[in-house]
Structures are given as C-alpha cells and as structure tokens.
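# Chain and residue survey
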Amino acid sequence: MGKFLITEWKECILTAFYDGARILSLDLSLPDRRQLLGNIYVARVERVVKNLNAAFLRYGEQERAYCALDRPVTPIFQNRSVDFSGEGARLREGDIVLAQISQEAIKTKEPCARTDLSLAGRYVVLEMNAPKFLNFSKKIRDRKFRAEWEELLAPEAEGQETLREKFSGDLPPFGFILRTNALSASREDILNEINHLTAVFRELAGAGKYRSLYSLVYQEQPGYLREVRDAGRQEVDEVVTDVPSLCGQMQEAFAIYPDLAGKLRLYRDSLLPLSKLYPVEKTVREALGKKVWLKSGGYLMIEQTEACAVIDVNTGKFDAKKEKEATFLKINLEAADEIALQLRLRNLSGMILVDFINMRDPENDELLMQRLRSAVAKDKVPVTVVDMTKLKLVELTRKKEKKPFSQQYSELTAKEISSQEFI
C-alpha cells in the first residue's frame, strides 16, 4: 500500500507514488493538458511504405505519427465506406481516418499511432476490431472469475445485443478486455464502466465522421489522473495534493469511482509543501543521475542511449577478501531488486542491457535470473527478461508507452539536463 502525491513542481504537475519508505515512480505533465498519449484525431494518411509495412499519418499541420500495419485492421474512414465484416481495409495515401496516439515521441523518433481505437477505464479497456467480444488481462488467471464473466457476457445473455450493437450499422465491432483491477471490483462497477465506455465510443465514432481534418475528437485524461485511475484498490491508501484546483479536477474525474474519491485529500501547509514533506527532490536527483548506490556498498551505473539503456553493476565500496563468489551473488541479487525499481522510477523502456558482476557458478546465475524475473513482475508496464548471453549480459525489454522521466524533465522544464549536476 502507498499514496499518490500530486503537486506543482517547476511549473509542471508532478505525480509520485510513495510506498512509505521511498518514491517508486515519477511522472511530469503540463497543467494545461497538452499531452498526446491516448488522444484521437482526424488524421490524413500522408504516405504508405510497403517495405516497412507501415504508414505515416498527419494529425496536425506540423505533426506526424508512425503507424504500423502489422495486422489487418478496418479503421473508421471519413472518405470511403468499408465492410467491417471483412478481413480489414488497407490504408491508402490520402485516406482520412480516426487515429489514436499510442506511444509518445521518444527523442528523435516520432510518436506512434493506431487506427484500431482503444478506450481505457479503471477495470475495462474497450478495443475496436477486437478478435473476441470478451478478453482478459494475462495476469487474470482465476478460472472461476473468467467463467463467470464469459457466461454473463455470452451472446445469449440478456442485454448482450445492446452492448454488441454496431450503432448505425456501419461502424466497427468492438470488444472488452477486463483489467487486473476488475478482480477486486463489483459486478455493478464493471458493468457501469462497460456502459460508460460504450457511450463514449458511440459519441466519438459518430462525431469523427464529420469533424474537420486534424480535429481532436477525444482527449485522454492527463497523466496524473491516469496514474491514479489505473492503480489497484489494494495499492492506494491515499491520494494527496496541495493544489486546490487539481483536487477539484480529481473529485470530478473520480465521481464514478467512489472508493478513489474517498481517498482524496487536500493537504494545506504553505510553509511545508508536499515536495518538501516527502523526498521528492532527492528522488528526482536520483532519477536524473547515472549512479545509484546499493546498501551493500556496490552501485549501478545507468546510461540511456538512443538505441537502448545500459546498466552496469559494480562492487564499489564492498570489500570481501574471501568468498568472492558469495559476495558477487549478494551484490547481484540486491542489484536485481534495485534495477526493477529504477526501470519504473526512470520509466526506461525498449531494450535494456544489464552487465551484472560475473559469477562462476551456473546455479548462481540461475538464482539471479529468478530474482530478476520476480522483481520485474511487480511492474505494471510489461517487462520481459529475455536471457543471459554468453558474455553474461542480461537482456530485458520494457514496453514503450511514455517518455523516460529524464526526457519529460528536460522537455517540460525547457532546460538541458547534465547528469554531472546531480551526482
């Protein structure tokens, strides 16, 4: 259990999750909601590149996004009619479609977009062109829970046709994914959110056919609201902010989630803001620096490059003249736990290479890999521990969604970050 801290910091909105001992995650967003992730626009297909199996979409006068065409999808077109019961409609240059930003721009790379629209709620995700009407998060392994919901939303179930209707008859079918948060929610809460997302989809899909090019058809909630919304019921004790206007926005946004609204608290102390009461500034310095000390005296060196993130584990101040293998194992196991936290804190994504201290015993390598897999399994963003190479480098991948915290900081504060400043 922990608490979300939401405060104004350097003219941005900073969201931190504090577990009682340390801050585990940081996120920065602009107060005027100029964020892209999840937004849906009326976009024009500027170019289709067959050898990349991708298209480039223009969603603003100067804004462009990359759209992978790796699976058959039927978008919502403005300029032509399609049969949604077919195997998908290929994009053509000049097409006008509804497109959703699925990944923010990271460094020199453009943002990514998708034409199979998706609306996320706390318990449910609505997916356009879903292969099945009802799907489950991979983390939901409760067979009884799955069976109950499959029976409830089966085609013959009462009211099913209302949920599965295609509105005006020329819009795509859609389905739902039950998120892990649904495990602790009531049936009424989940059904209410299904109905809410269905209504939102109906409205945006209908309006999108007639809005002008580059129009913003749907705006996703700002980052600080999404962070709190997506947290599980058992994870959050309290949501604390010292900004009255943000407290009002959260009360409005969480009106459909009574348990979250009940955990919201406005902190009032002009002499001691949240950023001073909790270790916010210390954690920001850590998230922007290269070196992270371990309790054992070892340390991590973390480098973010254009292609990947590289983490080097070092013995540092740890001095053991005997039993070096046991010493190396101790530092490596501690490093595995800290690396999992740093991935989340810094929001590192894509390919990550970890150079642990070399050990001779293969059994120790296996213990290390088990510890690392267990540690990253707690991350809400999907992390895959690929393997340990012959050179003893461990390969991981973490799904790209938001920008790394260092990039958020440098862009939103309009200053170049020098890691030497924080070490």
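Look up a bit, the structure's there.
Residues numbered from 1 in each chain as written. Predicted model: local features only at pLDDT ≥ 70, side-chain atom pairs only at ≥ 80, totals over all residues. Heavy atoms only, no water.

## What about the packing of helix H8 (residues 280-288) against helix H11 (residues 405-412)?
Where H8 meets H11, the closest approach of the two axes is 9 Å, and the angle between their N-to-C directions is 110°. Comparing the axis directions of H8 and H11 gives the class roughly perpendicular. Between H8, through Val284, Ala287 and Leu288, and H11, the contact on the second element is made entirely by Phe405, Ser406 and Tyr409. Here the residues of the contact of H8 with H11 sort into five nonpolar, one polar and no charged. (Axes fitted to C-alpha atoms, helices over the stretch in contact; angles between N-to-C directions. Helix = DSSP H or I, 4+ residues; strand = E, 2+ residues; numbered from the N terminus. Parallel < 35°, antiparallel > 145°, perpendicular 65-115°, else oblique. Contact = heavy atoms within 4.5 Å. Nonpolar A, V, L, I, M, F, W, Y, C, P; charged D, E, K, R; others polar.)

## Description of the sheet that holds strand E12 (residues 174-178)
The strands that make up a sheet pair up through hydrogen bonds in the backbone, lying either parallel or antiparallel. Here four strands make up an open sheet; going across it, the order is E9-E10-E12-E11 and the pairing mixed. The open sheet is flanked by strand E9 (118-120) and strand E11 (134-136), the only strands paired with a single partner. Within the sheet, the average angular offset between the axes of one strand and its neighbour, ignoring direction, is 20°. Along the sheet face, helix H1 (residues 143-152) touches E11 and E12 and points at about 165° away from the line of E11. Contacting E9, strand E10 (124-128) and E12, helix H3 (residues 187-208) runs over the sheet at an angle of about 35° to E10. (Pairing = 2+ DSSP bridges.)

## Topic: the pairing of strand E2 (residues 12-18)
Taken across its seven residues, E2 has seven buried, putting it largely inside the fold. On E2, burial covers both faces: Cys12, Leu14, Ala16 and Tyr18 on one face and Ile13, Thr15 and Phe17 on the other are all buried. Here seven bridges tie strand E1 (residues 2-9) to E2, and the two strands are oriented antiparallel to one another. Counted as the bridge partner of Lys3 is Tyr18 from E2. Remark: two residues form the turn of the hairpin made by E1 and E2, two consecutive strands paired antiparallel; Lys10 in that turn has positive phi of roughly 55°. Here E2 runs beside strand E3 (residues 23-29); their pairing, made up of six bridges, is antiparallel. Note on E3: the bridge partner recorded for Thr15 is Asp27. Where E2 hands over to E3, the hairpin turn is made up of four residues, of which Gly20 adopts a positive phi near 100°. (Buried < 20%, exposed > 50% of the residue type's maximum accessible area, 1.4 Å probe, protein only.)

## Comments concerning the sheet that holds strand E19 (residues 350-355)
The sheet built from six strands is open, its strands ordered E16-E17-E18-E19-E21-E20 with mixed pairing. Strands with a single pairing partner mark the edges of an open sheet, and in this sheet they are strand E16 (291-293) and strand E20 (383-388). Averaged over all pairs of adjacent strands, the angle between their axes in this sheet comes to 20°, without regard to strand direction. Where strand E17 (residues 299-304) lies against strand E18 (residues 308-314), six bridges are found, and the strand directions are antiparallel. Residue pairing for E18: Gln304 is matched across the bridge by Ala309. Each of E20 and strand E21 (393-398) is contacted by helix H10 (residues 362-376), which is oriented at about 170° to E20, the strand it contacts most.

## Section: empty space enclosed by the protein
Here the structure, examined in full by the defined rule, presents one cavity of 30 Å³ or more. Its boundaries defined by the atoms lining it, the largest cavity holds a volume of some 30 Å³. In this structure, the largest cavity is lined by Asn332, Phe356, Ile357, Asn358, Met359, Asp365, Leu368, Met388 and Lys392. Residues of the lining of the largest cavity, tallied by class, amount to five nonpolar, two polar and two charged. (1 Å grid on protein atoms, 1.4 Å probe; cavity = no way out; pocket = protein on both sides within 12 Å on 5 of 7 lines; lining within 4 Å. Points joined across faces, edges and corners; volume = space filled by probe spheres on them.)

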